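Now for the letters of each chain:
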Protein chains: 2
Amino acid sequence: MLLRNQVEWALHCCAVMVGMPAERFLATKVLAEFHEVPKEYLSKALQSLSQAGIIEGTLGPNGGYRLAKAPSEITFLDVVEAVEGRTSSFACTEIRRNNPCRPTRMRDPKPCAVARVMWEADAAWRKTLRGVRLSDLAKTLESDIPAELAAKNTEWLLARS
Amino acid sequence: MLLRNQVEWALHCCAVMVGMPAERFLATKVLAEFHEVPKEYLSKALQSLSQAGIIEGTLGPNGGYRLAKAPSEITFLDVVEAVEGRTSSFACTEIRRNNPCRPTRMRDPKPCAVARVMWEADAAWRKTLRGVRLSDLAKTLESDIPAELAAKNTEWLLARS
DNA sequence: CGGTTACGGATACTTCGTATCCTTAAACCA
DNA sequence: TGGTTTAAGGATACGAAGTATCCGTAACCG
């Protein structure tokens with residue numbers, strides 16, 4: 001049970017975009033070089049974010065992506081679900097119905113007890129991710145990364161977009 | 001990001017074993033037929049549970065598996081981790097080190113901010129699973145499943161083990 | 001001794017994530 | 001206007017991991 005590496009890429013791209021001046025676009029090529037990941041494949045992740053309304057893209061020279069909303073309006077869950085999907089990590093196959101002792105016409109008022117627990121855990125996972133916004137991440141990074149490096153990053157990225 | 005179907009099987013097998021009289025073993029073949037899943041493959045999941053000390057197996061006729069501990073001493077997390085593993089759902093590849101602006105010799109006092117959030121969510125997931133014991137599941141099933149059917153199940157399973 | 005079972009290794013099959021390529025359409029620029 | 005740059009998205013190949021089966025071995029029982 002492992003998340004796609006695109007999830008990591010998408011989150012780091014968002015982290016980078018938070019630090020950009022508003023209205024500035026970052027090209028896929030530049031984001032790919034900055035993170036040293038394959039451009040074409042990263043593009044798929046960014047397309048997912050775009051479709052989800054998290055970022056917006058524009059064409060032509062100086063084109064690329066930027067955040068489509070305020071960083072305080074974008075949660076980790078938004079990003080994760082955009083690339084990983086919204087389906088639970090646990091898929092209930094209703095194995096209980098295979099029980100040979102079970103009357104054929106028996107109905108199930110409630111979902112399977114095992115699935116209920118697993119879905120509850122999945123909900124807790126999502127709740128945690130929903131509780132952290134991109135603005136929170138920006139603040140954390142501010143204390144994690146030296147201001148000098150942050151400035152360099154911004155300069156490097158904007159110079160090529 | 002989907003859990004193995006063996007996780008579902010393992011949990012349902014545990015649910016069945018909770019209802020058995022102590023010291024009685026259930027054969028893999030019988031558990032497989034009861035759930036209509038491939039016997040050889042289910043066997044792998046049960047082996048994982050056995051190695052984790054959750055169930056214990058014995059050889060020969062009338063052999064099979066039974067719980068190795070009291071149901072109150074076995075959590076969902078124990079079962080899930082036994083078959084799915086203990087590694088986090090998020091793998092941090094330290095993508096931040098690929099940053100071309102970054103000084104080569106720079107050290108990271110803390111783990112990546114993105115990873116910290118993702119791991120926190122993973123911890124919340126595991127915490128929920130750790131909070132539910134097999135004895136809780138048994139109690140839930142008691143109210144979910146008609147006593148009549150539960151008795152039939154036990155009879156069916158023991159008659160073939 | 002012969003049959004039954006857990007156990008574990010080896011091996012295919014299938015699905016899905018990873019990655020690349022190519023075409024199209026839109027935006028910009030000369 | 002025409003050429004360049006970029007996102008968008010379809011098609012395809014590759015590899016890893018999950019799924020599934022088969023076989024040989026060792027232990028247990030009648």
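A brief look at the structure comes next. (Residues numbered from 1 in each chain as written. Chains lettered and ligands numbered in written order. Predicted model: local features only at pLDDT ≥ 70, side-chain atom pairs only at ≥ 80, totals over all residues. Heavy atoms only, no water.)

The subject of this paragraph is the packing of helix α2 (residues 28-35) of chain A against helix α3 (residues 39-51) of chain A. Relative orientation and spacing of two packed helices are given, respectively, by the angle between their axes and the distance between those axes. Residue and element names in this part refer to chain A. The N-to-C vectors of α2 and α3 enclose an angle of 115 degrees; their axes lie 9 Å apart at closest approach. Classed by the angle they form, the pair α2 and α3 counts as roughly perpendicular. In this structure, the crossing between α2 and α3 has a hand that is right-handed. Along its contact with α2, which presents T28, K29, L31 and A32, the element α3 presents K39, L42, S43 and L46. (Axes fitted to C-alpha atoms, helices over the stretch in contact; angles between N-to-C directions. Helix = DSSP H or I, 4+ residues; strand = E, 2+ residues; numbered from the N terminus. Parallel < 35°, antiparallel > 145°, perpendicular 65-115°, else oblique. Left-handed = near helix turned anticlockwise from the far one by under 90°. Contact = heavy atoms within 4.5 Å.)

On to the protein's contact with DNA strand D. In the vicinity of DNA strand D, 23 residues are found, and the nearest of them are T28(A), K44(A), L59(A), Y65(A) and P38(B). Expressed as a percentage, the sugar and phosphate content of the atoms of DNA strand D within 4 Å of the protein is 62%. At a separation of 2.6 Å, a base oxygen of DNA strand D approaches a polar side-chain atom of K44(A). Those elements that provide at least two residues to the surface near DNA strand D are α3 and β2 (64-67) of chain A together with α1 (5-18) and α3 (39-51) of chain B. In terms of residues, the surface near DNA strand D owes the most to one element, α3(A), which gives four residues. Of the residues contributing to the surface near DNA strand D, the split by class is nine nonpolar, 10 polar and four charged. (Near = heavy atom within 4 Å. Polar contact = N/O pair within 3.5 Å; in protein donor to acceptor, adjacent residues only side chain to side chain. Nonpolar A, V, L, I, M, F, W, Y, C, P; charged D, E, K, R; others polar.)

So, about the pattern of salt bridges. This structure, assessed with the given rule, holds 24 salt bridges over all chains. Two residues, E94(B) and R96(B), come together in a salt bridge whose shortest N-O distance is 2.7 Å. Of the two residues, E94(B) and R96(B), both sit in the buried class. The partner of D122(B) in a salt bridge is R126(B), and the shortest N-O contact between them spans 2.4 Å. Of the two residues, D122(B) and R126(B) both sit in helix α5 (residues 113-130), four residues apart, roughly one turn of that helix. Comparing D122(B) with R126(B) shows no difference in burial state: the two are buried. Several salt bridges share partner residues, and in doing so they unite E94(A), R96(A), R97(A), R102(A) and D108(A) into one network. (Salt bridge = Lys/Arg side-chain N within 4 Å of Asp/Glu carboxyl O. Buried < 20%, exposed > 50% of the residue type's maximum accessible area, 1.4 Å probe, protein only.)

With respect to the helices and strands, M106(A) occurs in the loop between α4 (76-84) and α5 (113-130). With residues up to four places along the chain from it excluded, the contact list for M106(A) reads P146(B) and L149(B).

Let us look at the nonpolar core. Of all hydrophobic cores here, the largest spans 104 residues; its most connected members are L49(A), M118(A), L49(B) and M118(B). Those residues in contact with M118(B), other than ones at most four positions away along the chain, are L3(A), V7(A), L11(A), F76(A), V80(A), L129(A) and F90(B). (Core = buried A, V, L, I, M, F, W, Y, C linked by side-chain atoms within 4.5 Å.)

Here the focus is the relation of the copies chain A and chain B. Taken as rigid bodies, chain A and chain B are interconverted by a rotation of 180 degrees and an axial shift of 0.0 Å, the fit giving an RMSD of 0.0 Å. Taken together, the rotation and translation describe the operation of a two-fold axis. In this assembly the copies share their binding face: 100% of the residues contributing to the interface of chain A also contribute to that of chain B. (Least-squares fit on C-alpha atoms with pLDDT ≥ 70 in both.)

Another aspect to go through is the protein's contact with DNA strand C. What surrounds DNA strand C is a group of 24 residues, the closest being P38(A), T28(B), K44(B), L59(B) and Y65(B). A breakdown of the atoms of DNA strand C within 4 Å of the protein gives sugar and phosphate a share of 61%. Interatomic distance of 2.6 Å between a side-chain N/O atom of K44(B) and a base oxygen of DNA strand C. For the surface near DNA strand C, the secondary structure elements donating two or more residues are α1 (5-18) and α3 of chain A together with α3 and β2 (64-67) of chain B. Counting residues per element, the surface near DNA strand C draws most heavily on α3(B), at four residues.

Before going further, it helps to examine the interface of chain A and chain B. Between chain A and chain B, the contact holds 55 residues from the first and 56 residues from the second. Interface of chain A and chain B: buried area, both sides summed, is about 4900 Å²; carbon and sulfur atoms make up 71% of it. If you sort the residues of chain A by the area they bury against chain B, M1(A), E8(A) and I95(A) come out on top, with a joint share of 15%. Linking K110(B) and D144(A) is a salt bridge whose minimum nitrogen-to-oxygen distance equals 3.4 Å. At the boundary of chain A with chain B, the tally comes to 14 residue pairs in polar contact (both at pLDDT 80 or more). Taken together, the elements giving at least two residues each to the side of chain A that touches chain B come down to α1, α2, α4, α5, α6 (134-144) and α7 (147-159) of chain A. Per-element accounting of the side of chain A that touches chain B gives the leading share, 12 residues, to α5(A). (Buried area = accessible area lost by both parts, 1.4 Å probe.)

Quick look at α2(A) now. All names here are of chain A. The buried fraction of α2 is high, at six of eight residues. Every buried residue belonging to α2 is among T28, V30, L31, A32, F34 and H35, and all of these are buried. Against the buried residues of α2 lie α1, α3, β2 and α7. Following α2 by one or two positions, E36 has its phi on the positive side, about 55 degrees.

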